[in-house]
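Here is how the chains run, residue by residue.
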Amino acid sequence: MTPLFPNICIGCGKIAATPLCFHCEQEWMHKHRQVSKHISQKGDEIFACCQYNGLGGKIIRSFKYGRRFDVLPIISMAVSNVVSEIGEGNFSYIIPVPQSFRKIFTRGFHPVEMIGHQVSQHTSIPINLKILKRKWSWYEKDQASLNKQNRLYNLPHSFFATRNKSWGENQKALLIDDVSTTGTTLSRCKEAIQKRYPDWKVKILVFAHG
Ligand SMILES: [Zn+2]
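What counts and what doesn't
Residues numbered from 1 in each chain as written. Predicted model: local features only at pLDDT ≥ 70, side-chain atom pairs only at ≥ 80, totals over all residues. Helix = DSSP H or I, 4+ residues; strand = E, 2+ residues; numbered from the N terminus. Buried ≥ 20, exposed ≤ 12 C-beta atoms within 10 Å, placed from the backbone. Pairing = 2+ DSSP bridges. Axes fitted to C-alpha atoms, helices over the stretch in contact; angles between N-to-C directions. Parallel < 35°, antiparallel > 145°, perpendicular 65-115°, else oblique. Left-handed = near helix turned anticlockwise from the far one by under 90°. Contact = placed C-beta atoms within 7 Å. Nonpolar A, V, L, I, M, F, W, Y, C, P; charged D, E, K, R; others polar.

Peer 1: I tried to follow the overall build of the chain on my own but got confused; where do I start?
Peer 2: Looking only at helices and strands, the chain features seven helices and seven strands. Each helix (α) and strand (β) of the chain, taken in turn from the N terminus, gives the series α-β-β-α-α-β-α-α-β-α-β-β-α-β. For the chain, the proportion of its 210 residues judged to be buried stands at 35%.

Peer 1: I'm lost on unusual backbone geometry in this one. Help?
Peer 2: Most peptide bonds are trans, and most residues other than glycine sit at a negative phi. For R67, which is not glycine, the phi torsion reads 55° and is therefore positive. Tracing the backbone shows R67 in the loop between helix 2 (55-64) and helix 3 (72-86). Taking the C-beta count within 10 Å as the criterion, R67 has 13 such neighbours and is therefore assigned partly exposed. You will see that N170, though not glycine, has its phi angle at about 50°, which is positive. Structurally, the position occupied by N170 is in the loop between strand 5 (159-161) and strand 6 (172-180).

Peer 1: Would you take a moment to explain the environment of E191 for this structure?
Peer 2: When you line up the elements, E191 lands in helix 7 (residues 184-196). In this structure the C-alpha to C-alpha distance between E191 and F159, which are 32 residues apart in sequence, comes to 8.9 Å.

Peer 1: Hey, could you run me through the sheet that holds strand 7 (residues 201-209) in this one?
Peer 2: Within a sheet, neighbouring strands are paired by backbone hydrogen bonds and run either parallel or antiparallel to one another. Read from one edge of the open sheet, five strands run 1-2-7-6-3, paired in mixed fashion. Since the sheet does not close on itself, it has two edges, and those belong to strand 1 (36-39) and strand 3 (93-96), each with one partner. Strand-to-strand, the axes of this sheet are offset by a mean angle of 30°, without reference to chain direction. Sheet topology note: the strand 3/strand 6 ladder contains four bridges and is parallel. Its bridge partner lying in strand 6, I95 is registered against L175.

Peer 1: Even after reading the chapter, I still don't get the packing of helix 3 against helix 5 (residues 111-123), so can you show me in this structure?
Peer 2: How two helices pack is summed up by the angle between their axes together with the distance between the axes. In contact at an axis separation of 9 Å, helix 3 and helix 5 are set at 55° when each is read in the N-to-C sense. The orientation of helix 3 with respect to helix 5, classified from their angle, is oblique. As helix 3 runs across helix 5, the sense of the crossing is right-handed. Residue-level contacts link L72, I75, S76, V79, S80 and V83 of helix 3 to M114, I115, Q118, V119, H122 and T123 of helix 5. Tallied by class, residues from the contact of helix 3 with helix 5 come to seven nonpolar, five polar and no charged.

Now the structure itself:
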């Protein structure tokens, strides 16, 4: 019988029945999983559950590119724990950063939405996939292929928020993403939400930073 997931530890590559072997699990829980705060290029606060450079990066890469869906609980648990730490009272909505159609199409799944759904289950904060939208474009340039200046230029009009009075006033939104580097995408998303809902507070949380 073929196992559903390769039975090797994501951290060290040894044979293990769980995505992280006992040793790596301990390392993850006590060393790598640590909240940190960063400032995006546009000056927004970004909270992260771990650093990309380390076990956190291995975990998120194995999920996104290696299709190790068995690591999803590790990711969503880490995010959920930080939600309560930075919450200062409950959030009204979890808003995942929307992905480009091309990425969802080529990858076949939406990692950040999957994380969002699980975090929503853990925290009882509703997930809202309708507020923040990404402009549909098959030809949207890949951020990685652009230089810094063009990258900033490419983004501003990619995101927009939709209006719906039933979503209320003075809400607190939790914008989530899997990885942040410069944080430009996240700032643009926050900007799009607050342009439509100027009285809303938006906090940003990512799984890994770096
Ligand atoms: Zn291991």
